[in-house]
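This is what each chain is made of:
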Amino acid sequence: VCTSRFWFNYRHVANTLSVYRSVKRLGIPDSHIVLMLADDMACNPRNPKPATVFSHKNMELNVYGDDVEVDYRSYEVTVENFLRVLTGRIPPSTPRSKRLLSDDRSNILIYMTGHGGNGFLKFQDSEEITNVELADAFEQMWQKRRYNELLFIIDTCQGASMYERFYSPNIMALASSQVGEDSLSHQPDLGIGVHLMDRYTFYVLEFLEEIHPASQTNMNDLFQVCPKSLCVSTPGHRTDLFQRDPQNVLITDFFGSVRKVEITTETISLDRDLAVFESKLPKDELATEPLKYAEQLPVAQIIHQKPKQKDWHPPGGFILGLWALIIMVFFKTYGIKHMKHIF
Amino acid sequence: SAQFQLAVPVAVVFAPGSVPGDLPRPLPFRDVQEMEISVNLRPSITSRYETVYRRTTAQEEAALDVATAREADAALHPLQDALLGSLTMYVVPETSSLLPQGINVYVGKHRSALVRAGGGLAALRTRLQQLTQVMSFTASSISAALSDRVPNGQLGPDARRHLKSSLGYEITFSLLNPDPKSHAVDWDIEDAVNRYVQPVLDKLSLVANFSVDSQILYYAVLGVTPRFDKESSSFLLSAHSLPHVINPVEARLGSSAASLYPVLNFLLYVPERSHSPLYIQDKDGAPVSTNAFHSPRWGGIMVYNVEAPASPQVSLPLHVDVDMVRVMEVFLAQLRLLFGLSREELPPDFLLESPGNEGLADWELDRLLWAHTVENIATVSTTLTSLAQLLDKIGNIVIKDDVASEVYQAVASAQSAMAELAAGHLHLAFQASKEAVTSSERAFFDPSLLHLLYFPDDQKFAIYIPLFLPMAVPILLSLAKIVREARQRKKEPTKMD
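Since this is a predicted model, take the numbers as computed values, not measurements.

Turning to the overall build of chain A, a few remarks are in order. A tally of regular secondary structure across chain A gives nine helices and 12 strands. Looking at chain A as a whole, 50% of its 343 residues are labelled buried. Within chain A, counting contacts between residues at least 6 apart in sequence, those at least 24 apart form 70% of the total. Taken as a whole, chain A presents about 18100 Å² of accessible surface, with 56% of it coming from carbon and sulfur.

All names here are of chain B. Packing of helix α8 (residues 362-393) against helix α9 (residues 401-423) brings their axes to within 10 Å, and their N-to-C directions diverge by 145 degrees. As α8 runs across α9, the sense of the crossing is left-handed. Across from W370, T373, I377, V380, L384 and L387 in α8, the residues of α9 making contact are V407, A410, V411, A414, A417, M418 and L421. Residue composition of the contact of α8 with α9, by class: 12 nonpolar, one polar and no charged.

Along an α-helix, residues three or four apart share an orientation, since each turn contains 3.6 residues. Residues and elements named next belong to chain A. Across the nine residues of helix α2 (residues 79-87), seven count as buried, placing the element largely inside the fold. Buried within α2 we find V79, F82, L83, R84, V85, L86 and T87. Its buried side turned inward, α2 meets β1 (36-37), β2 (72-73), β3 (107-113), β5 (120-123), β6 (127-130) and α3 (131-143).

A residue-level look at chain A finds 83% of positions with pLDDT of 70 or above and a mean pLDDT of 81. Scored below 50 in pLDDT, residues 277-285 of chain A makes four contacts in the model with residues more than four places away or belonging to other chains.

Two side chains with opposite charge may pair up if their charged atoms get near one another. For the coordinates displayed, the defined rule picks out 25 salt bridges over all chains. For D125 of chain A, the salt bridge identified is with K122 of chain A, shortest N-O distance 2.4 Å. For K122 of chain A, a relative accessible area of 28% puts it in the partly exposed group. Of the charged contacts, one joins D366 of chain B and R111 of chain B as a salt bridge, the two residues approaching to 2.7 Å between their closest N and O atoms. One end of the pair, D366 of chain B, is in helix α8; the other, R111 of chain B, is in the loop between β5 (105-107) and β6 (112-116), with 255 residues separating them in the sequence. The pair D366 of chain B / R111 of chain B is uniform in exposure class, with both members buried. Through salt bridges with shared partners, one network takes in R21, K24, D30 and D67 of chain A.

Over the atoms, a rolled probe matching the size of one water molecule traces out where space is still vacant. Residue and element names in this part refer to chain A. For the structure on display, the rule yields six cavities of 30 Å³ or more. In this structure, the largest cavity spans a volume of roughly 60 Å³. When contributions to the lining of the largest cavity are tallied by element, the ones reaching two or more residues are β3 and α4 (199-209). Ranked by residues supplied to the lining of the largest cavity, first place goes to α4 with three residues. Class assignment for the residues of the lining of the largest cavity results in seven nonpolar, one polar and no charged.

Now for the pairing of strand β7 (residues 168-177) of chain B. Residue and element names in this part refer to chain B. In terms of burial, β7 is largely enclosed, as 10 of its 10 residues are buried. Sheet topology note: the β7/strand β9 (residues 209-218) ladder contains 10 bridges and is parallel. Bridge pairing in β9 places L175 opposite I216. Pairing analysis gives seven bridges linking β7 to strand β12 (residues 263-269), with the strands arranged parallel. Along β12, the bridge assignment pairs S174 with L267.

Cut-off values and rules
Residue indices begin from 1 for each chain and proceed along its sequence in written order. For naming, the first written chain is A and the first written ligand is 1, with later ones following in the order written. Since the coordinates come from a predicted model, pLDDT governs what is reported: local features require at least 70, and pairs of side-chain atoms require 80 or more to be given and counted, while whole-chain, interface and lining totals use all residues. Note that water and hydrogens are dropped before the side-chain values are worked out from all heavy atoms of the structure. Secondary structure is summarised from DSSP: a helix means a run of H or I of at least four residues, a strand means a run of E of at least two, and numbering begins at the N terminus for each. Summary of the burial criterion: residues with accessible area below 20% of their type's maximum are buried, those above 50% are exposed, and those between are partly exposed, where the area comes from a 1.4 Å probe applied to protein chains only. Residues are treated as being in contact if the distance between any of their heavy atoms lies within 4.5 Å. Each accessible area is a Shrake-Rupley estimate made with a 1.4 Å probe; only the visible protein chains count as cover when residues are assessed. Lines are fitted to the C-alpha atoms to define the axes, a helix being fitted only along its stretch in contact, and any angle between axes, read from their N-to-C directions, falls within 0 to 180 degrees. Should the near helix be turned anticlockwise from the far one by less than a right angle, the crossing is termed left-handed; should it be turned clockwise, right-handed. Residues are sorted three ways: Asp, Glu, Lys and Arg are charged, Ala, Val, Leu, Ile, Met, Phe, Trp, Tyr, Cys and Pro are nonpolar, and all the rest, Gly among them, are polar. pLDDT measures how confident the predictor is about each residue, on a scale from 0 to 100. For salt bridges, the criterion is a side-chain nitrogen of Lys or Arg within 4 Å of an Asp or Glu carboxyl oxygen. Method remark: on a 1 Å grid restricted to protein atoms, a set of points is classed as a cavity if a 1.4 Å probe fits but cannot get out and as a pocket if it is open with protein on both sides within 12 Å along at least five of seven lines; lining residues have an atom within 4 Å of a point. Grid points are joined across faces, edges and corners, and a volume is the space filled by probe spheres set on the points. Pairing between strands is defined by DSSP: at least two bridges between the two strands are required.

Here it is in structure tokens:
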């Protein structure tokens, strides 16, 4: 998830796209990736090299490429959509690629980048998500067993505050900086004119370049990435909610996709010459009339709507008390006898 | 969290000459056995075997008077009432020739079994217990169904590999042809699906809705390069490289955009001419007879080798007609394994009848239904509990009426499912549990229940206080002044006399 927009936040988009590339290289297909980007970099009028997003100042790798599949772009990247994707409370019309169809055997990797503060992450300059909301969303996911294990990586200023409030089991979190510290960007590119990448993600990607789908590197190595000398900020991590020892957790458990496989040893025997017989169950006759528009409306939801109140009711409760107080003070201050001058 | 009670109606029918001498009461009589399935959870699960012991009727005797067990099974089938979830055990005399030598129990395609008599009532009861373990459910199958609620360490490593209970499944058959220049592969998938797959899916239609589609992919390669083995002059894929085969292919499979049901992919791979023949090795290095492997909750892959042409000067591309029967035998076996129906772990003197083209026996369907019903009910209770916790946490969440009606329906259906389970009506219990799951999922995942939309009280204070506090300061001060003046006026008359 990249939570920033506008040209000067180029590095956040480059961060996200680079992590996306690595994850695809290690085997996770697009159908298993939900990518949320503002996506206003590649075709931005200020981009001197249109249709590209680079992550390194030597312009070696165009991380935008040909087959980026952005699921939520531009104004769809909102806190509400993000939480809806996580908890699964999505309107029924949402296509499959925009949903998180995970079950209790799925390992989920969540990578977020943008501008953040102590306890919140800014979404597109207009709203924020707090660490409490994020922790509640993860708890909702756990209750419905939407994940087996979850790895949360965040690259923002004061990123460690975002994982302080997690309380659901099987979550491991990594952040690029502690509370009170800022995450810094790596290098500017003079040709493009903005900073291309953030330091933490840059070193994480260098680390991931050496991972291939069969590698046995474990999480402890990922924790060592980007020490203070290189990163200027102090990366942090949290593993107390995780049940397995990080030493035993492979990087490819989250970044790649290695499946359990069993050899098929049984077969059944089919009778080759059995004639095709008509199915025993009667096939339902298809309705001959085309469906009317009214039949496709969600009738249950419409029926249960309460009718809107048309008549005016005098204000009650808090507002009434407030007005009564104001009027009483007004009369007391100016005196009742003056009222006849007004009316 | 109530108690689960799984009731299985069992009938033990004695053929003439097989009644053991030590029966407690004269035939016919009823008996109920209750056993606790120790799964170490709060809702405890007990199984009740309501057994009826009786003699055979004349028709059943005539049916048993045939040459082989298979014919007896076929003849007995129309005589039973065939209730889902029930079992009938026919006890034949020890000297009967129906059962082959060395076999003491024969399990038929439907819901009955033939058992050789001998050893008195206690031995019979042990046989009955073994039989119910095979034909209905075991402690491990029930605990696997409830795996969500059992803490991680207690289950074995492969307890969660079976497909979760869902309202529907999508099955996709794909033919992968990486070398179309050499092989022009033809598969008559539609006919194969109608002949071989559809009967199995029809039998499973009680469990879920199935939809089938197929596709052909060209230039789709496996992600792994096979090794050439000089001794057998063939290419080998070792067992530890198999997990990496699936991912490069999956990106091109195009899991369907239309439905939200879990997808089962069955891939048929025809190796390139330069890599033919290709065999899969198991862990010991021996080639696998089926040349196929499967991944739990995903699907299966089979490698189909094309025989090298007799003469080297044949024109390319070779036309290949895929032998669909061989392929479907493997794919359907993989489908059974994905659902969790395997035929291992039997006592040595059991003989299982093969279900033929139907794919699975009636009692295997029962096993699936038991597990899915229990899983559905457990899912409903976790969902509703979690929904209640959400409501406790956010006091001012608004529950729309249709969400409320879904919750009531889910609770009612779950209760009726548990009642039917305790009464032994598996079919009704399963239907009720499916309705309960549908309603509870609809209620839980309703888009209006996003906690973000409902402000907690502290946020409301945080917004209104900066607005009202400055306004309230002069009001409060004036109030204080009023009170002081009123007190002063009360004191003054006493002074001023």
